[in-house]
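Observations on the model geometry
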Amino acid sequence: MIDFNFNMPDQILFGSGKVSNLYKYIDRFGKNILVVADNEIVNTEKISSLISGLRNYGCDLNLVTTNEEPTDEFIEKLYIKLSVRKLDLVVSIGGSSSIDIAKIISVLLANNITIAQLINGKTLDNTLTFIPHIALPVINGGGSESTSRVIISNYSDEPHKIILKRPEFIPLLSIIDPEIVGDMDMNGFKIAALNTFSLLMQCYISKDSTSLTDMFMLEGLEYISNCLSSIASKCFSSYEIECLEYASLFAGLGIENSSLTIIEGLANAIGSLYNCERKDITAAITPKISSFNIGRVQFYDKNLDTTLKYAKVGSILTGIDYSFEKRDVLLKGLLNKLDSLYRTLEVPSLKDYGVVKDDFYRIITLTEHFGNPIELAESEIDSMLESCLK
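Our subject in this report is the structure included herewith. (Residues numbered from 1 in each chain as written. Predicted model: local features only at pLDDT ≥ 70, side-chain atom pairs only at ≥ 80, totals over all residues. Heavy atoms only, no water.)

**A short note on the overall build of the protein chain**
Counting its regular elements, the protein chain contains 15 helices and eight strands. The C-alpha atoms of the protein chain give 21 Å as radius of gyration, which agrees with the globular expectation for 390 residues (21 Å, within 12%). Its C-alpha atoms give the protein chain principal-axis dimensions of roughly 60 × 50 × 45 Å. Counting over 390 residues, the protein chain shows a buried share of 58%. Once local pairs closer than 6 in sequence are excluded, the contacts in the protein chain between residues at least 24 apart make up 78%. Counting every atom, the protein chain has about 16,700 Å² of accessible surface; 47% of that belongs to carbon and sulfur. Averaged over its 35 positive side-chain charges, the protein chain has a centre that lies 1 Å from the centre of its 50 negative ones. (Helix = DSSP H or I, 4+ residues; strand = E, 2+ residues; numbered from the N terminus. Rg over C-alpha atoms; globule rule 2.2 N^0.38 Å. Buried < 20%, exposed > 50% of the residue type's maximum accessible area, 1.4 Å probe, protein only. Contact = heavy atoms within 4.5 Å. Areas by Shrake-Rupley, 256 points an atom, 1.4 Å probe, with all protein chains shown as cover. Lys, Arg positive; Asp, Glu negative; His and termini not counted. Charge placed at Lys NZ, Arg CZ, Asp CG, Glu CD.)

Listed below in structure tokens is the structure:
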């Protein structure tokens, strides 16, 4: 019997010029607006023009910029600052950090609660209200525009990432307009594409996947493969940007309705301990962790379900037609393709982020396995980390 839930924003608008629809929602909700944007893009020509356009439209803007993943301390200070303001709408422009801040603030202000209460959760009713939130992802690579989760860094005691999921966090509307991306360097595009690929593959091979999420993940993988080919040749066009934004949307739907794997768990743990971004760590560890996972899956996967999924990913990346008989060739092709791609792009290893073997125990202790297709012992995770240092 088929039985599932599928969560997503109330509406998703995708395509060039779609950002103009933002004004319809301003007319609907009001002109007192909080804008949360990435530092690195807020002064680019297209984003600056967008913000100026909102002001010219008569909007009273509160502009908040960020350049890193949100911390509970940052959120609390922002909440106190904004609690005296009346807001009709929250608009996020940028990557996962800006979108996550907007998600949290829209709920805190609407319910007059603190971030500590939200994290604790025990004092809250089952249902919370929220200020309408419109997400405008710009080279996100994390799919945050279509998820009900946020990630907060906490450095009060032992550094760690806090993952919160509430249905109120899903943006009311996501507008994905490749035209507002503007100028972008190859490194930013590279990390976003590699991160998106990893998220799609994780959600696809996760033990929590469904036939519906599989369909979306395969579609996303087809599009992200175009981006990986372009970054291997060290050039990209507006078409590849569109492919990336499209694939990132599907990655978000996968995170929301399937789950990630130990790659995400390790990226969260390492990102917390070394104060670096998850997407950078995800890019650094995906090939070696995938190789290790595939080796274990081949040994334990009696029904070949996950083995064949990895083979299908290999087919997409290598261009070799998929068949059951070619599964070993496709698995080898997947690993060779990833190794070649990462070497060509000179993706940093964990050693470049300062990770040392003496910290492995702390990393393993903080690591969640999420929907990893197989159970892994601590000794196996230790071996994974060792391979990622090389």
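**Points about the sheet that holds strand E3 (residues 60–66)**
Strand order in the open sheet formed by six strands is E1-E8-E5-E4-E2-E3, with parallel pairing between adjacent strands. Because the sheet does not close on itself, it has two edges, and the strands there are strand E1 (11–14) and E3. The sheet shows a mean angle of 15° between the axes of neighbouring strands, direction not considered. Along the sheet, helix H1 (residues 22–29) makes contact with E1, strand E2 (32–38), strand E4 (89–94), strand E5 (133–137) and strand E8 (173–176), crossing E4 at roughly 155°. (Pairing = 2+ DSSP bridges. Axes fitted to C-alpha atoms, helices over the stretch in contact; angles between N-to-C directions.)

**A word on the packing of helix H7 (residues 186–205) against helix H11 (residues 278–300)**
Packing of H7 against H11 leaves a shortest axis separation of 9 Å and a crossing angle of 50°. One way to sum up the angle between H7 and H11 is to call them oblique. In this structure, H7 crosses over H11, and the sense of that crossing is left-handed. Here Ile191, Leu194, Asn195, Phe197, Ser198, Met201 and Gln202 of H7 come into contact with H11, specifically with Lys279, Asp280, Thr282, Ala283, Thr286 and Ser290. Of the residues that constitute the contact of H7 with H11, the class distribution is five nonpolar, six polar and two charged. (Parallel < 35°, antiparallel > 145°, perpendicular 65-115°, else oblique. Left-handed = near helix turned anticlockwise from the far one by under 90°. Nonpolar A, V, L, I, M, F, W, Y, C, P; charged D, E, K, R; others polar.)

**Observations regarding H1**
For H1, the full list of buried residues reads Leu22, Tyr25 and Ile26. The arc that holds every buried residue of H1, seen down its axis, measures 105°, which confines them to one face. Opposite its buried face, H1 presents the exposed residues Lys24, Asp27 and Arg28, each directed more than 90 degrees away. On its buried side, H1 packs onto E1, E2, helix H3 (45–56), E4, E5 and E8. Just downstream of H1, Gly30 is the residue with a positive phi angle, here 135°. (Arc of directions from axis to C-beta.)

**Some details on unusual backbone geometry**
Even without being glycine, Asn112 reaches a positive phi, approximately 55°. Looking at the secondary structure, you find Asn112 in the loop between helix H5 (96–111) and helix H6 (115–120). A positive phi angle, close to 50°, is found at Phe370, a residue other than glycine. Structurally, Phe370 can be placed in the loop between helix H14 (360–366) and helix H15 (378–389). Given the relative accessible area of 28%, Phe370 is considered partly exposed.

**Observations concerning the packing of aromatic side chains**
In total, this model carries eight aromatic pairs according to the counting rule given. Where Phe14 meets Tyr246, the ring centres are 5.4 Å apart and the plane angle is 70°; that geometry is what we call edge-to-face. Residue Phe14 is located in strand E1, and its partner Tyr246 is located in helix H9 (residues 238–257); the two are separated by 232 residues in the primary sequence. You can call Phe14 partly exposed: its relative accessible area is 24%. (Phe/Tyr/Trp six-rings, centres within 6.5 Å; stacked < 30°, edge-to-face > 60°.)

**Re H11**
A rise of 1.5 Å per residue sets the reference length of H11, with its 23 residues, at 33 Å; its end C-alpha atoms lie only 29 Å apart and thus fall more than 12% short of the reference. The principal kink in H11, of about 50°, is found at Ile285, preceding the proline Pro287 by one to four residues. (Expected span 1.5 Å × (residues − 1). Bend = angle between axes of the 7 residues up to and from the residue.)

**Here we look at the environment of Phe216**
As for its position among the elements, Phe216 is in helix H8 (residues 211–232). Expressed as a C-alpha distance, the spacing of Phe216 and Phe250, which sit 34 residues apart in the sequence, is 6.0 Å. Among all residues touching Phe216, those that are not within four sequence positions of it are Phe6, Phe250 and Leu253.

**Looking at the pattern of salt bridges**
What the rule picks out here adds up to 16 salt bridges. Across the salt bridge formed by Lys77 and Glu73, the nearest N and O atoms sit 3.4 Å from each other. One end of the pair, Lys77, and the other, Glu73, are both in helix H4 (residues 72–82), four residues apart, so they sit about a helical turn from each other. Its salt-bridge partner being Lys357, residue Asp382 comes within 3.4 Å of it at the nearest N-O pair. Here the residue Asp382 occupies a position in helix H15, and Lys357 occupies one in the loop between helix H13 (327–345) and H14, the gap between them amounting to 25 residues. Taken together, the shared-partner salt bridges in this structure form one network comprising Glu69, Arg149, Lys161, Glu264 and Arg278. (Salt bridge = Lys/Arg side-chain N within 4 Å of Asp/Glu carboxyl O.)

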